[in-house]
Amino acid sequence: MNSGHKMKPKNYKRGYPVAVLVGIEQDHAALWHIFSQVAKQQQTIPLGGERRDSKALYNFHEAIINALRPVLKEGVRSIIAASPPRTNYAQDFLSHIKAHHTWLLQGTSKATFSQITGSASSPSQVAGLTKTGAFKQLIEENAAEETENLLEILEKRLCKSDRSEEHTSELQ
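Residues numbered from 1 in each chain as written. Predicted model: local features only at pLDDT ≥ 70, side-chain atom pairs only at ≥ 80, totals over all residues. Heavy atoms only, no water.

Let's shift gears to the overall build of the protein chain. When helices and strands are counted, the protein chain shows four helices and five strands. In sequence order, the protein chain lays out its α and β elements as β-β-β-α-β-α-β-α-α. For the protein chain, the proportion of its 172 residues judged to be buried stands at 35%. Put simply, 57% of the contacts in the protein chain that link residues at least 6 apart link residues at least 24 apart. Total accessible area on the protein chain is roughly 11,300 Å²; 51% of this is exposed by carbon and sulfur atoms. (Helix = DSSP H or I, 4+ residues; strand = E, 2+ residues; numbered from the N terminus. Buried < 20%, exposed > 50% of the residue type's maximum accessible area, 1.4 Å probe, protein only. Contact = heavy atoms within 4.5 Å. Areas by Shrake-Rupley, 256 points an atom, 1.4 Å probe, with all protein chains shown as cover.)

Core analysis: the largest hydrophobic core is formed by 27 residues, its most contacted members being V22, I24, F60, I64, L68 and F93. For this core, the leading source of residues is helix α1 (residues 54-73), giving nine residues. In this structure F93 touches I24, H61, I64, I65, L68 and A81, once residues within four positions along its chain are discounted. A30, I116, L129 and I139 belong to the second-largest nonpolar core, a separate cluster that totals 15 residues. (Core = buried A, V, L, I, M, F, W, Y, C linked by side-chain atoms within 4.5 Å.)

Next up on the list: unusual backbone geometry. Even without glycine at this site, R86 takes up a positive phi of about 60°. Along the chain, R86 turns up in the loop between β4 (78-83) and α2 (89-100). Among the residues examined, R86 registers a relative accessible area of 83% and is labelled exposed.

Attention now moves to the pairing of β4. Within β4, six of the six residues are buried, which leaves the element mostly enclosed by the surrounding structure. Side-chain alternation along β4 places S78, I80 and A82 on one buried face and I79, A81 and S83 on a second face that is also buried.

We now examine the pattern of salt bridges. Counting across every chain of the model gives two salt bridges. In this structure, the salt-bridge partner of E50 is R52, at a minimum N-O distance of 3.6 Å. Classification of R52 as exposed rests on a relative accessible area of 73%. The salt bridge partner of K156 is E152, with a shortest N-O separation of 3.7 Å. Note that K156 and E152 are positioned in helix α4 (residues 133-171) at a spacing of four residues, about one turn of the helix. (Salt bridge = Lys/Arg side-chain N within 4 Å of Asp/Glu carboxyl O.)

Here is the structure:
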C-alpha cells in the first residue's frame, strides 16, 4: 500500500511567526499575523466614533494595544503599522505608544515598531504589501533590531549574574 513516497500533509505550512501587521484605516484596524510563508488575519477592530474625537481615537488605539498583548506574550516583537497614502493613521498610533505605553519601547518587553504606507484590510491588499521590497526590508531591519534587543537583555543579565557571583564568593 505504501509506495515509498510521502503523502503531503493536509494542512499547509504557515512557517514561523515574523511580525504583526496592523492595517489602520479611517474607521477600523485589521490585525494580521505575518508568518514566514503566509499572513493570517486575526481580528478587525472598529473605531467607535469619529477620528477627530480624541477620546474615541484614544480608545481605538488602546483596543489595538490590547489586541497585541497576547501576541507580544508569545514572543513576537516586530509590529508594522500600515496606513493608506496621505494619512497619518500609523504615525498617530505610534505616537500613542510613545505617549502611553513606554513599556513597549524598553526593557524585556521592548518591541520593534515601524510603519509602511499602504492598506492592509483585505487578503489581497496584505498579499500585495508583503511582496513589496519595502516590506521585506522592514522585516529584515526589525529582525536585526530584535536580535540587538535580545543581545542587550542577555548581556545585562549576564553582568548581573557575574556581579552576584563575585559578591557571593567575597562573602565566603
